[in-house]
Amino acid sequence: MAISDLCDALKKHALATSLHSKHKTSSSMPMQDQPMTSTNDESSSPQMIDAASEKKICEAVLHLVDDTSNDVQAIAVKTLGVLVTCVHEDQVVAIAERLSALVLDEKKSALRDVYAIGLRTLVKTVPMNMGDIVSSRLAAGLLDGIKSFSPGILTKGALTQSTKEIKEASRVAEEITLACLEILTELLARFGALSFITRQHLVLLEVTLRQLACESDLVRKRAGQTIGSLAVVISDQLLGRLVESLLSQIDKSDGVGKSGKRKSRRLTSKKDEVAKDAALMDFKPKDTRALIRTMCTVAGLVGHRLGQEQIDRLVPIFSRFCDPADAIAGDDLNDDDSDENDEMEDSDEEDEAAMALANELREACLSGFESFVLRKPVEIQPHLPSIIHSALAYMRHDPNYSYGDENEEEKGSADVADEEDYDMNDDDDDEYDDEYEDDSDDDDDTWKVRRSTIRTLTAVVKTSAKDPSKLWTDEYAWRKNKKWTTTLAGALVKRFKERDENCRVDIVECFTHLLTNTIEAANRGDIILKAPDSMDMTGDVPQTVIDLRTKFVPIIVKGCESQLSAKKAGSRTKSAALALLSSLCSAPGGIGNAKQIRVLFEHIKLILSDSASASHGTNKTLKLDSLHCVHVIITSPNHAPEDVQTCILDVLLIELCKTMQENWYKITAETSRVLAEVPKLLVLANASAIKKSDAAKALYDAIEPRLAVHDADQEVKECSLVSAASLLSNLHQHIDQPSRERLLSLILLRLKNETTRISAIKTISAIVRNGVDMSTVIHDMITELSSLLRQNSRSVKQSTLQCLETVVTSRPARLDASIFGLVLKELSNVIVDSDLHISHLSLKVCHSILDVGVASVPEIKEFLLPSLLNMSKSSLLQDKALDSLLIVMENLVSSKAVDFQELLVALKEGLPRLQEGQVHGGGVRLSIANIAQCIAAITAATSEDERIVVVQDLLSSLESLGHAQSTETSPSTQLALRVAGDLGRRLSLGAMPGVAERLQNVYMIMFDSDFEDIKNSAAYGLGRASVCSKKEFLPKILASLEENDQKKQYLLLSGLRELIYCHQQGFGGDIAPSIQHILPHLNNHFADKEEGVRTMVADCMGCLACLEPAVILPQLQKLILDNAGGKDPTICTTVLTSVKYAIAGKCDTQQLLSFMPIFLELLKEEDISVKNACLLMIYSAVHHKPQLVLTFMEDPIIPALYELAQLKQERTVDLGPFKQKVDDALPVRKAALSIFSTCLDKCPEAIDIPGFMPILALALADKEDVQLQAHQILISTSSRYPDDAAAAVENFVVPLEKTMNKKMGNKKGAELERATEWIKSAVRVMIVLSRVTDAMK
């Protein structure tokens, strides 16, 4: 209790110290800048402890470390962790020195572990600002301790012949050395990069390397761990020396033979010998295992810093200890071509110690291979075949056991694919059981070698995910008799019989990874999973063909069935086999035909049955995996539905229904999911009525009790609803009326429950869509659904609206139309502009109700119409919500639910009113545009007479206004112009006598208005009015385009763009006949001096390219060929902008792809604007259609991006009083980085990440905008490619530090806020990079 109170006092002391320092800081500030504090702060603040008290406390805690009670010692050590964060630096140093001396004291053996724990706690908790001085005091003492005591450690042989005193001295020396190395490892991990430790890196390296020659195996292991921590923080130069030292010593070691004896090898030549380091001349390693283990540790921690040259040296050295010729199994004794010398060697008495040594070396080397494959996949690629060869050979390295059937398997593997009956007989089961009986050999450690081998192969599979074809096709000699060859995939399948449980599970999981990667590659089109005689080989690009269905699937299924049927196989093996079968269902052909499915279901039935639990070792997880496998088999499209339904009904359905009564909620939920698929399967397989009736009864008896339970788990309730929905939707005709009503009443009950509400809504939607008679509950359901619209939960409202739409459109029988009044009343409350998606769904329900014929409901005018009018004048209304509103408006008029004139007047009353001098805002323009579309929609839906009256009124009002526009009349003028245009998009205004001519004159007059909003509305209206009247309007637009000045040309082109865009959206019929008239006029303005005109021309060409790519794309290509090479950069820029708009508008990919090489050639143009336009086109392609540029990424896009990302074109602009530098290439660099950023999301395989790192480092030192882009890219890259980011982190630190230390100067307001965000962005990047580098340690 006293120590706990002391900890609290120390924490209060730390708080007081912090407050005191803050008070001192604030007292040095000017009076006006000091924060206001209360008068009693000083009296209420915690009291500080003086220096003398601190010293006494430290001495008391250190004294308690020596206490005889273990509990007191533990609390004292814990207190040290608090103490070092509270006291002053000199006390921390004193504690560190005291503990260090106690650790090195030979007489303190009993408490040395406690002192070491205390010192490690100090290192972990001491503040970073004290790290340098603490490190300086500790490191020297620890190094002296290692140097002094490690030579006193004796070998086991020497200890047996020594006196008691010498043995004790050796033991103490080993303890002290181990403690020093352990503390040193912690010190390096936390403070290894600080200045003092950095200066000691060479000394630390020498001392720790010498410990690899120590007589103690524990010291050698601990030294390897310390070297690993040191490797993380040392420089590249010292890391190179470390690696070379380890490799040179390993290289001098001999390999090991089959029995573990040393194999002689030729001495390395002078050319291969590494130059000796003077500091490491006396380094003589005791055990090769320690060297290899240390090298593996270093490679695992800093493998990303090793170069190709070091990898090329490492792999052959490791391979010498994993020579495939040395791998043996019990079956190899029967090989025919064994050499006489090998027979003699095998007949010799084996040295168990040598064998253990050999196996440890092999295990370490194979672990190193795993690390290299995962960490350096590119550099290891040339050595991958030799690694796979060694791994395959040692995967069967089991000299003490013979499986007795390998030769038969090799000879008869080809015949397995032709077998039609895959039932496993009793002999096969007994055979596998016999294998499992011998898997508990305590003296046999070869399983560790096999485990490391399998992990290496798993690493190979993971790194070959993009192209796993070679793992199925390349063959290797994996047995002593080299005529027996196999592929990696084939070897994994043949080793399913592995006797060790852990290795067997790893093998199955490794093959599952390989199969999953292969299926994904086949889905991408990189691999073909078919028989060669059943596919079309006419493609230009050769593809790898893997006959998975006939050559591999039978063997895979047979191996998995063997694992499931073996009585002594563990549950982990069975779960792995089930996972493999689940993955196999995604391959063409699935797991096979009906016989194979039946046999598999028989095994799963035994797993699910309670009676087989004891004999088969069944547990809950295995049952869950079995159910998941069944679910995958049923839902897989690669199996014949007839085969699956026959097997499921005959074998598994009854057992699945029993499993619904399991207590564990996960099993019950998964069973519900499986049962939900059975009705769908019966319908898909066209099962007979008798089968459907029997299955429906069994399913009802299983589902109904679970659906009725109130205190079940949430997941069980939801899954029960899903299964009930499937049963009612697919088999409702085969369920009797009481059972159907019972299920519907339970679903209604779940609808009223808050926790199951959403699931019940989805269930009702599914049932209604399939025509189930719900007359008994339909009114209650609609009433309950309507009330749910009052809920605050958005997800509930969204699900409810979707369900209501389904219910209304299904037109259920015996439904009273008066209930829709209640629905409309509730809908009117959720039709608001604050949530457009909910409003869109609500409007769809309204449309469905009006379609049913409910037009006389009083709630329409009382509740619905006011909500619709409020929405129509909202400036937020857009997209789907606007379209749905227009549909409802049309329906109201066409169904006579609302009088047209009444609705027209109400819409016009919603027009914004502006006072003289008031400025139009964006919201006003959007409100006018939305009201105009509503008026046009209802006008198009009304009678022709009323339509003509509206058009005449519009023309009269526009003609009367003429040039006399004002701020007050501007909204009504815009409204009339837009209504006329939107109406012309829906119907032909040219069919009305005299309307087209009058309307054209009005629009041309409005182009001279003093209000920009009126001009834009006139251009919008002119374009849309031409959609259904091209014959009357288009010639006038094209003629005016050549007659008027540039201001009107822009407006005319804007109108033309609206015309083309509306055709792109599907309005106005075919525009192809008019293109030949439009193109010449657009071509005349490709080089217009006004950028706005050129942009509008490009937009028009882009839309036309989406409509008629065969006509427009050759035209753009011709313009490029005629003007490239610096002839007219303006035209080239306009063409590229047109292509950018075409890509964004979803132009036909195949037609556009053939023209991309011509467009990409403009990357080589000298003009900076052409380069920028080309980059923007590429960015649009990467964002919208990556397939357009994927084939061109390697050349020419990526090289050009590397160049343009560094391009600078600075010029000085004379501004009179001062001069300013302008960088014309800044937009180019920003566009290049934008492409890189988008490629990381859309096509990361197209970028060489290591090659991109230097470009990113330069961008971090660029202008502010470029830096912000680079910060985001670096954060994204660090999360996706941490190895590459960690390898280049040194290049990022300097520019990031400059940004973080940027001075604000006299910036204020927005400039200050922007600069602050800039610095914050750099800090976020530094935090992400620190996490990456910490994770790499």
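All of these numbers come straight from a predicted model, not from anything done at the bench.

Participant: Please give an account of the overall build of the protein chain that cites residues and values.
Facilitator: Tallying secondary structure elements over the protein chain gives 63 helices and 8 strands in all. Considering the protein chain as a whole, with its 1337 residues, one finds that 53% of them fall into the buried category. The contacts of the protein chain with a sequence gap of at least 6 include a subset with a gap of at least 24, amounting to 76%. Accessible surface, the protein chain: about 59,800 Å² in total, of which carbon and sulfur atoms supply 50%.

Participant: Which residues make up the layout of surface pockets, and what values do they have?
Facilitator: Within this model, the largest pocket holds a volume of roughly 1,300 Å³. Taken together, 40 residues make up the lining of the largest pocket; nearest its centre are Lys 376, Pro 377, Val 378, Gln 381 and Thr 463. Here the lining of the largest pocket is built from residues that sort into 21 nonpolar, 6 polar and 13 charged.

Participant: Before we move on, can you summarise the packing of aromatic side chains with the specific residues and values?
Facilitator: According to the stated counting rule, one finds 8 aromatic pairs in the structure shown. Ring centres 5.9 Å apart and planes at 20° place the aromatic pair Tyr 1202 and Phe 1236 in the stacked group. Separated by 34 residues along the polypeptide, Tyr 1202 in helix H57 (residues 1193-1204) and Phe 1236 in helix H58 (residues 1226-1242) bring together distant segments of the chain. A single burial state applies to Tyr 1202 and to Phe 1236, both of which are buried. In this structure an aromatic cluster arises from ring pairing among Trp 472, Phe 496, Phe 511 and Phe 552. The ring of Phe 1067 has Arg 985 sitting right over it, with the charged end atom 4.2 Å from the ring centre.

Participant: Let's hear about the packing of helix H33 (residues 714-731) against helix H34 (residues 737-751): which residues, and what values?
Facilitator: One way to put it is that H33 packs onto H34 with a least axis distance of 11 Å and a crossing angle of 140°. Note that H33 runs across H34; the crossing there is left-handed. Taken together, the residues of H34 that come into contact with H33 (itself represented by Lys 717, Leu 721, Leu 727 and Leu 728) are Arg 740, Leu 743, Leu 744, Ile 747 and Arg 750. The residue makeup of the contact of H33 with H34, split by class, is 6 nonpolar, no polar and 3 charged.

Participant: Could you give an account of unusual backbone geometry, naming the residues involved and the relevant values?
Facilitator: The step from Asp 1195 to Pro 1196 runs through a cis peptide bond, and the omega angle for that step is 15°. In this structure, Pro 1196 sits in helix H57. The phi dihedral of Asp 879 is positive, around 55°, even though this residue is not glycine. Assessed through its relative accessible area of 56%, Asp 879 is described here as exposed. The phi torsion at Lys 1146 lies on the positive side, around 70°, for a residue other than glycine.

Participant: Can you break down the packing of H58 against helix H60 (residues 1264-1280) residue by residue, with the values?
Facilitator: Contact geometry for H58 and H60: axes closest at 10 Å, N-to-C directions at 20°. The angle between H58 and H60 falls in the class roughly parallel. You can see that H58 and H60 cross each other, and the crossing is left-handed. Between H58 and H60, the contacting residues are Leu 1226, Lys 1230, Leu 1233, Ser 1234, Ser 1237, Leu 1240 and Asp 1241 on the first element and Asp 1265, Val 1266, Gln 1269, Ala 1270, Ile 1273, Ser 1276, Thr 1277 and Arg 1280 on the second. The residue inventory of the contact of H58 with H60, partitioned by class, reads 6 nonpolar, 5 polar and 4 charged.

Scoring rules and cut-offs
Residues numbered from 1 in each chain as written. Predicted model: local features only at pLDDT ≥ 70, side-chain atom pairs only at ≥ 80, totals over all residues. Heavy atoms only, no water. Helix = DSSP H or I, 4+ residues; strand = E, 2+ residues; numbered from the N terminus. Buried < 20%, exposed > 50% of the residue type's maximum accessible area, 1.4 Å probe, protein only. Contact = heavy atoms within 4.5 Å. Areas by Shrake-Rupley, 256 points an atom, 1.4 Å probe, with all protein chains shown as cover. 1 Å grid on protein atoms, 1.4 Å probe; cavity = no way out; pocket = protein on both sides within 12 Å on 5 of 7 lines; lining within 4 Å. Points joined across faces, edges and corners; volume = space filled by probe spheres on them. Nonpolar A, V, L, I, M, F, W, Y, C, P; charged D, E, K, R; others polar. Phe/Tyr/Trp six-rings, centres within 6.5 Å; stacked < 30°, edge-to-face > 60°. Lys NZ or Arg CZ within 6 Å of the ring centre and 35° of its normal. Axes fitted to C-alpha atoms, helices over the stretch in contact; angles between N-to-C directions. Left-handed = near helix turned anticlockwise from the far one by under 90°. Parallel < 35°, antiparallel > 145°, perpendicular 65-115°, else oblique.

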